[in-house]
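Residue-level listing of the chains:
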Amino acid sequence: SQTIHQWPATLVQPVGSPLSLECTVEGTSNPNLYWYRQAAGRGLQLLFYSVGIGQISSEVPQNLSASRPQDRQFILSSKKLLLSDSGFYLCAWTPGRGGETQYFGPGTRLLVL
Amino acid sequence: SQQGEEDPQALSIQEGENATMNCSYKTSINNLQWYRQNSGRGLVHLILIRSNEREKHSGRLRVTLDTSKKSSSLLITASRAADTASYFCATDPRRDDKIIFGKGTRLHILP
């Protein structure tokens, strides 16, 4: 069966510090991968998605970036965090065409102080 | 831009009652999905209904889709305390690799 992992689960970082969040999927190959951000009590904002190794599409211009160094690994990064980067970050995967069911990881709660 | 809008934003009902949530969207779609999110957790897929389907059931869940009105409803029958969560609809308006989520309905089941 397929599983998706995210780490860390929670993170407290000072403004201006770098960020690296990791997402890995097991039990499948060539998934579409997605990074979302969710502000408190709000819906999901799509940040990045990837249909293959090294292929990244950015949805919202900001100080975040994403990379996919391996087929089942998706990394969200920042060189300098802003206060507005605080939120709940969710990674998701889908087995093929992106309009179908998405399977979510447990999320990472980021607090920038 | 927001594609799906859930209504109401929040809903509190007594355990055992039925809960109905609605979703409206703006452009044509290929399918519509409903997800549940427990507080502080990831989203869990509940049901997917395609544009050529009008109704779908899964256990205590009933989803309807009216493409002429661009709306969908999620009915949870005989609600339980464990149904307390936020519920989101999601659509694929551009039929590409992305789906767009609404802001969700927060459902609270009272004991």
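Refer to the structure presented above.
So, here is what we can say about the structure in this document. (Residues numbered from 1 in each chain as written. Chains lettered and ligands numbered in written order. Predicted model: local features only at pLDDT ≥ 70, side-chain atom pairs only at ≥ 80, totals over all residues. Heavy atoms only, no water.)

1. Here we look at the pairing of strand S11 (residues 105-110) of chain B
All names here are of chain B. Along S11, the buried face is formed by Thr105, Leu107 and Ile109; none of Arg106, His108 and Leu110, which line the opposite face, is buried. Where strand S2 (residues 10-14) and S11 come together, five bridges link them in parallel fashion. The residue bridging Gln14 from the neighbouring strand is Leu110, located in S11. Pairing of strand S9 (residues 85-91) with S11, which is carried by three bridges, proceeds in the antiparallel orientation. What sits directly across from Tyr87, in S11, is Thr105. (Buried < 20%, exposed > 50% of the residue type's maximum accessible area, 1.4 Å probe, protein only. Helix = DSSP H or I, 4+ residues; strand = E, 2+ residues; numbered from the N terminus. Pairing = 2+ DSSP bridges.)

2. Some details on the interface of chain A and chain B
Counting from both sides, the interface comprises 24 residues of chain A and, opposite them, 23 residues of chain B. Summing both partners gives a buried area of about 1700 Å² for chain A against chain B, and 47% of it is carried by carbon and sulfur. At the boundary of chain A with chain B, the tally comes to two salt bridges. The closest approach of N and O atoms between Arg50(B) and Glu100(A), which form a salt bridge, is 3.0 Å. Where chain A touches chain B, the interface holds five residue pairs in polar contact (both at pLDDT 80 or more). Here the residues of the side of chain A that touches chain B are counted per class, giving ten nonpolar, nine polar and five charged. (Contact = heavy atoms within 4.5 Å. Buried area = accessible area lost by both parts, 1.4 Å probe. Salt bridge = Lys/Arg side-chain N within 4 Å of Asp/Glu carboxyl O. Polar contact = N/O pair within 3.5 Å; in protein donor to acceptor, adjacent residues only side chain to side chain. Nonpolar A, V, L, I, M, F, W, Y, C, P; charged D, E, K, R; others polar.)

3. Overview of the sheet that holds strand S8 (residues 71-76) of chain B
Strand pairing within a sheet occurs via backbone hydrogen bonds; the two strands may be parallel or antiparallel. All names here are of chain B. Taken in spatial order, the five strands make up an open sheet running S1-S3-S8-S7-S6, and their pairing is antiparallel. At either margin of the open sheet sits one strand with a lone partner, and together these are strand S1 (5-7) and strand S6 (55-58). Sheet twist, expressed as the average angle between the axes of neighbouring strands with direction ignored, equals 20°. Sheet analysis places strand S7 (residues 61-66) next to S8, joined by six bridges and oriented antiparallel. Note that in S8 the partner of Leu65 across the bridge is Ser72. (Axes fitted to C-alpha atoms, helices over the stretch in contact; angles between N-to-C directions.)

4. With respect to the nonpolar core
Core analysis: the largest hydrophobic core is formed by 22 residues, its most contacted members being Leu32(B), Trp34(B), Leu74(B), Ile76(B), Tyr87(B) and Leu107(B). For this core, the secondary-structure elements that each account for two or more residues are S2, strand S3 (19-24), strand S4 (31-37), strand S5 (43-50), S7, S8, S9 and S11 of chain B. In this structure, Ile4(A), Val25(A), Phe48(A) and Leu110(A) belong to the second largest nonpolar core, which totals 19 residues. (Core = buried A, V, L, I, M, F, W, Y, C linked by side-chain atoms within 4.5 Å.)

5. Structural notes on the layout of surface pockets
What the second largest pocket holds in volume is close to 310 Å³. Gln38(A), Ala40(A), Gly41(A), Gln37(B) and Gly40(B) are, among the 20 residues lining the second largest pocket, the residues nearest its centre. Looking at the lining of the second largest pocket, the elements that each hand over two or more residues are strand S9 (87-94) of chain A together with S9 and S11 of chain B. Broken down by element, the residue count for the lining of the second largest pocket peaks at three residues, all from S9(B). Looking at the lining of the second largest pocket, its residues break down into five nonpolar, eleven polar and four charged. (1 Å grid on protein atoms, 1.4 Å probe; cavity = no way out; pocket = protein on both sides within 12 Å on 5 of 7 lines; lining within 4 Å. Points joined across faces, edges and corners; volume = space filled by probe spheres on them.)

6. Quick look at the pairing of strand S7 (residues 64-70) of chain A
Residues and elements named next belong to chain A. Here five bridges tie S7 to strand S8 (residues 73-78), and the two strands are oriented antiparallel to one another. In the sheet register, Ser65 faces S8, and the bridge partner there is Ser77. Hairpin remark: S7 followed by S8, antiparallel, with two residues in the connecting loop.

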